[in-house]
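If you want the building blocks of each chain, they are given just below.
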Amino acid sequence: MGRLDGKVALVTGAARGQGEAEARLFSAEGAAVVLADVREAEGTKVAAEIAESGGNAAFVQLDVTSPDAWKAAVADAVAGFGKLDVLVNNAAIWRGEGGIEDITSENWDDLLNVNAKATLLGMQAAIPEMRRAGGGAIVNVGSTLAMHGAASSAAYSAAKAALVVLTRSAAVQYAAEGIRVNIIHPGSIDTPMLREGTGGKHLDIAARIPLGRLGQPIDIARGALYLASDEASFVTGVQLVIDGGTQA
Ligand SMILES: NC(=O)c1ccc[n+]([C@@H]2O[C@H](COP(=O)([O-])OP(=O)(O)OC[C@H]3O[C@@H](n4cnc5c(N)ncnc54)[C@H](O)[C@@H]3O)[C@@H](O)[C@H]2O)c1
């Protein structure tokens with residue numbers, strides 16, 4: 001028996017990195033998975049590989065900042081697989097911002113739109129279908145940068161911090177309908193975002209992590225699997241930090 005047998009999950013940012021790992025793991029655990037991303041070629045390839053290995057998967061092009069695209073993606077998921085039980089709001093961008101005085105209006109708007117507002121849009125699109133399905137699980141993806149100050153990432157961090165209270169508010173609001181809403185805070189995870197964001201110096205970070213290594217996408221996917229599954233049926237509104245001990 002898979003831990004997500006019979007569930008239908010939509011994962012954003014599933015063309016690479018953590019979202020890809022979540023889509024692959026959820027499928028291996030029995031879910032039908034809709035992989036949503038702006039990266040059509042990579043996302044289609046991952047969905048095809050999942051299908052080739054016996055899984056039930058489809059790619060949908062979705063820019064998470066577009067309310068109309070969200071409506072279409074959720075409608076596609078329901079048309080293809082009959083319902084929607086799980087949403088992982090994983091897609092995000094990282095961008096060099098500089099210090100507070102360097103943050104351009106465009107960078108602030110982009111980072112807040114993709115990294116915070118899009119999660120609101122995703123929940124607004126998915127919750128009516130979860131209600132129809134009799135409940136559901138939403139896993140939002142924050143960052144340990146939501147939990148402390150750091151130089152040169154104030155807008156990214158502010159967006160991720162906004163997700164904390166958005167998650168907790170939704171958890172309280174929808175608990176009576178059996179819709180659970182939780183957030184994962186990854187530490188430094190070895191993905192294209194980290195490699196690109198550090199200019200290839202990602203391995204230097206490992207020395208500062210108590211458990212002595214970078215996280216791998218599967219480390220986050222396993223946390224998302226738990227929160228998405230019925231094993232977490234008494235868990236809502238929590239922040240799950242997966243960071244190798246950095247925040248300990
Ligand atoms: N990698 C890390 O060290 C780290 C640390 C803390 C938090 N996070 C968070 O984890 C999540 C996954 O990050 P990752 O490291 O796998 O990043 P990644 O860049 O490797 O993958 C992110 C995916 O999101 C997609 N995406 C970006 N903008 C989008 C949009 N507007 N619409 C749809 N898809 C879009 C990208 O195309 C990409 O496939 C993000 O929320 C990120 O902020 C990552």
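This text gives an overview of the structure that appears in the document. (Residues numbered from 1 in each chain as written. Predicted model: local features only at pLDDT ≥ 70, side-chain atom pairs only at ≥ 80, totals over all residues. Heavy atoms only, no water.)

Overview of the overall build of the protein
- If you tally the helices and strands in the protein, you get seven helices and seven strands.
- Along the protein, helices and strands appear, N-terminal first, in the series β-α-β-α-β-α-β-α-β-α-β-α-α-β.
- Relative to the globule expectation of 18 Å for 248 residues, the C-alpha radius of gyration of the protein, 17 Å, shows essentially globular dimensions.
- By principal-axis analysis of the C-alpha atoms, the protein measures approximately 50 × 35 × 35 Å.
- Taken across its 248 residues, the protein has 49% of its residues classed as buried.
- Put simply, of all contacts in the protein between residues at least 6 apart along the chain, 71% involve residues at least 24 apart.
- A total of about 11,100 Å² of accessible surface is found on the protein, and carbon and sulfur atoms cover 53% of it.
- Put simply, the protein has 20 plus and 28 minus side-chain charges, and the middle of one group is 4 Å from the middle of the other. (Helix = DSSP H or I, 4+ residues; strand = E, 2+ residues; numbered from the N terminus. Rg over C-alpha atoms; globule rule 2.2 N^0.38 Å. Buried < 20%, exposed > 50% of the residue type's maximum accessible area, 1.4 Å probe, protein only. Contact = heavy atoms within 4.5 Å. Areas by Shrake-Rupley, 256 points an atom, 1.4 Å probe, with all protein chains shown as cover. Lys, Arg positive; Asp, Glu negative; His and termini not counted. Charge placed at Lys NZ, Arg CZ, Asp CG, Glu CD.)

A few points about the side chain of Thr144
- Note that Thr144 resides in the loop between β5 (136-141) and α5 (154-174).
- Residues in contact with Thr144, not counting those within four places in the same chain, are His185, Pro186, Gly187, Val241, Asp243 and Gln247.

Overview of the site of the ligand
- In the vicinity of the ligand lie 29 residues, with Arg16, Asp37, Asn90, Tyr156 and Thr191 positioned nearest.
- The separation between an oxygen atom of the ligand and a polar side-chain atom of Arg39 is 2.8 Å.
- Isolated, the ligand exposes 830 Å² of accessible area, and the fraction of that covered by the protein chains is 94%.
- Elements that contribute at least two residues to the shell around the ligand include exactly α1 (17-28), α5 and α6 (192-197).
- For the shell around the ligand, the element with the most residues is α6, which contributes three residues.
- Tallied by class, residues from the shell around the ligand come to 15 nonpolar, nine polar and five charged. (Near = heavy atom within 4 Å. Polar contact = N/O pair within 3.5 Å; in protein donor to acceptor, adjacent residues only side chain to side chain. Nonpolar A, V, L, I, M, F, W, Y, C, P; charged D, E, K, R; others polar.)

Describing α5
- Between the first and last C-alpha of α5 there are 30 Å, a value that for 21 residues agrees with the 30 Å anticipated at 1.5 Å per step.
- The complete set of buried residues in α5 reads Ala155, Tyr156, Ser157, Ala159, Lys160, Leu163, Val164, Thr167, Ala170, Ala171 and Tyr174. (Expected span 1.5 Å × (residues − 1).)

Quick word on the pattern of salt bridges
- By the definition in use, this model includes 14 salt bridges.
- In this structure, the salt-bridge partner of Asp85 is Lys83, at a minimum N-O distance of 3.2 Å.
- Overall, the relative accessible area of 8% leaves Asp85 in the buried class.
- Residue class for Lys83 comes out partly exposed when judged on its relative accessible area of 30%.
- Taking the shortest distance from any N to any O, the salt bridge between Arg95 and Asp110 comes out at 2.7 Å. Remark: Asp110 occurs in helix α4 (residues 105-133) and Arg95 occurs in the loop between β4 (86-89) and α4; sequence separation between them is 15 residues.
- Residue classification places Arg95 among the partly exposed positions, given a relative accessible area of 28%.
- Taking relative accessible area as the criterion, Asp110 reaches 22% and is therefore assigned partly exposed.
- If you follow the salt bridges from partner to partner, you end up with Glu20, Arg24, Lys45 and Glu49 in one network. (Salt bridge = Lys/Arg side-chain N within 4 Å of Asp/Glu carboxyl O.)

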